[in-house]
Amino acid sequence: MKKKQYYIVMIITTPLILCTILYLLLGAYYKNSYNFGTWVNNIYCTGKTVDVINAELCDRAHSRQVCIVHKDGEKEYLDLTAIAYTEDYKEPLQHLKEEQNPFLWGQNLFSKQSQILLPKVTYDKELLSKELSKLNCMQINTATSAPRVAIIESDQGYELFDNTSDILDQSKAIARITGAIEAGEKYINLDDGICYPQYPITQEWQNTYLMWNKVKEFQNYHMTYLFGECREELDSRILADWIQLTKEGDFALDDTGNLILNEVMIEEYIASLASKYDTVGGTRQFKTTRGDIVTIEGGTYGNQLDQEAEVAYLTKAYLTHNEADRIPTYRKTAWQQGTEDIGDTYVEIDMGEQMMYYYKQGIQQLKTPIVTGNVARKHATPERVCYVYAKQKNLILRGPGYASHVNYWMAVNGGIGIHDAKWRKEFGGNIYKTAGSHGCINTPYDAMSELYDMVEMGTPVVMFN
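So, here's what we can say about the structure.

What counts and what doesn't
Residues numbered from 1 in each chain as written. Predicted model: local features only at pLDDT ≥ 70, side-chain atom pairs only at ≥ 80, totals over all residues. Heavy atoms only, no water. Helix = DSSP H or I, 4+ residues; strand = E, 2+ residues; numbered from the N terminus. Buried < 20%, exposed > 50% of the residue type's maximum accessible area, 1.4 Å probe, protein only. Contact = heavy atoms within 4.5 Å. Areas by Shrake-Rupley, 256 points an atom, 1.4 Å probe, with all protein chains shown as cover. Salt bridge = Lys/Arg side-chain N within 4 Å of Asp/Glu carboxyl O. Core = buried A, V, L, I, M, F, W, Y, C linked by side-chain atoms within 4.5 Å. Pairing = 2+ DSSP bridges.

### Some details on the overall build of the chain
Logical step 1: Within the chain one finds 11 helices and 25 strands.
Logical step 2: Taken over 465 residues, the chain has a buried fraction of 41%.
Logical step 3: Contacts spanning at least 24 positions in sequence make up 64% of the contacts within the chain whose residues lie at least 6 apart.
Logical step 4: Of the roughly 26200 Å² that the chain leaves accessible, carbon and sulfur atoms contribute 52%.

So, in structure tokens, the structure goes:
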């Protein structure tokens, strides 16, 4: 019976003894290394010595520059190699090791011991001062180094210049950067509430803020003029010029303290639109059927703004804050608005080639030889961009010494028109130079009868040599 009890005791105590011995052996093992479950700066340190972990931490510190972030988000980088920068974790690592009891390693079996340690940093202070002086934030800008609140004019209209919360205190910034480097930091945000001091608001600044609210409200208007596929945006860039100024260049105010609208500038704005988009009598570039591009001046075809009506509309629209897109009122309109007003439906009269073409929606519908004005007798057909303003059948054309019946007549430029000419047997070539018309465009009967039915009133007619 005693022998049986002995075996039972041995079965129970032996594992305990073995576990104790193993635990003590591991404790002895951890005497010269870190305990189980130890992490430093996210590096697993169990069983590793101070020197090994120090080497790993120094090797991992691969970033050789410091990122400095200004208030506006701009980033600058300081090269650490330029200041003889070094890091060493041995001292804090040794201290951590000494705090650990190697025989209490079992406490970490179910939880890890995680530490964040800062290195001991060394660097050359003179080199650091030299590198800091190169940073943009350390450059003195006389325009922005002193606190200032002012309304300034830019290419976007009037804007508020206010640097009262954006001036860097360089001495405090240097102290902040130096302290961060000594702490081993690689990312330094200068917008910490200290490096950018807040200045008390003066009465002058307060008055500027109040005026800026008026200017900002004055400029807070947007409207789009539509000229065919072209768009003209009316915004703060243009509205800034509409504010009435005093002789001294200050903002003029009415009796109620509001800004005054300079209506003369509205007239000038509409005149500038007319100058850009009025095409009657203007100069155009036209791509011919023969393939080249010709320049044509003058003519009766085109668009012409009603400037008086537009000034009245725009003034009222601004005052009532009507921001709807606007198709302007015209005194005269072409088939298309914008700078390319001829479009893809037109009659083309090539006097150099003595050919006429008719295009509808970009597709050639007719091609015929013609005879234009007699050059020798100074009746040459003028180069113009005109339009069909009248159509008539069976008309007698009369002039000095002649009266001719035509079956189809389309007036395009004063007394000049396109018509059939049964009295001619030949068309094209050089006939026009010595035996041309009185200025009209003589056309074969069959071609003219076809053209007459196809061409609508208002169709552009492009005449060129």
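### Some details on the pattern of salt bridges
Logical step 1: Taken as a whole, this structure holds 15 salt bridges when the rule is applied.
Logical step 2: For glutamate 131, the salt bridge goes to lysine 134, with nearest N and O atoms at 3.2 Å.
Logical step 3: For glutamate 131, a relative accessible area of 15% puts it in the buried group.
Logical step 4: Beyond isolated ion pairs, a larger network of salt bridges with shared partners links Arg176, Glu185 and Asp192.

### Looking at the nonpolar core
Logical step 1: Core analysis: the largest hydrophobic core is formed by 29 residues, its most contacted members being Val215, Tyr225, Trp242, Tyr269 and Leu314.
Logical step 2: Those elements that provide at least two residues to this core are helix H6 (203-219), strand S11 (223-227), helix H8 (263-277) and helix H9 (307-319).
Logical step 3: If you tally residues by element for this core, the top one is H8, at six residues.
Logical step 4: Setting aside chain neighbours within four positions, we find tyrosine 225 in contact with Cys230, Arg231, Glu232, Tyr269, Ile270, Leu273, Glu310, Tyr313, Leu314, Arg326 and Pro328.

### A word on the pairing of strand S23 (residues 416-420)
Logical step 1: When you tally the buried positions in S23, you get five out of five residues, the bulk of the element.
Logical step 2: Both faces of S23 are covered, namely the face carrying Ile416, Ile418 and Asp420 and the face carrying Gly417 and His419.
Logical step 3: Relative to S23, strand S22 (residues 402-413) runs antiparallel, the two being bridged by four bridges. Among the inter-strand pairings, alanine 411 is bridged to a residue of S23, identified as glycine 417.
Logical step 4: Count of turn residues in the S22/S23 antiparallel hairpin: two residues, of which glycine 414 carries a positive phi of about 60°.
Logical step 5: As judged from the three bridges shared by S23 and strand S24 (residues 441-443), these two strands associate in the parallel manner. Across the sheet, histidine 419 pairs through a bridge with asparagine 442, a residue of S24.

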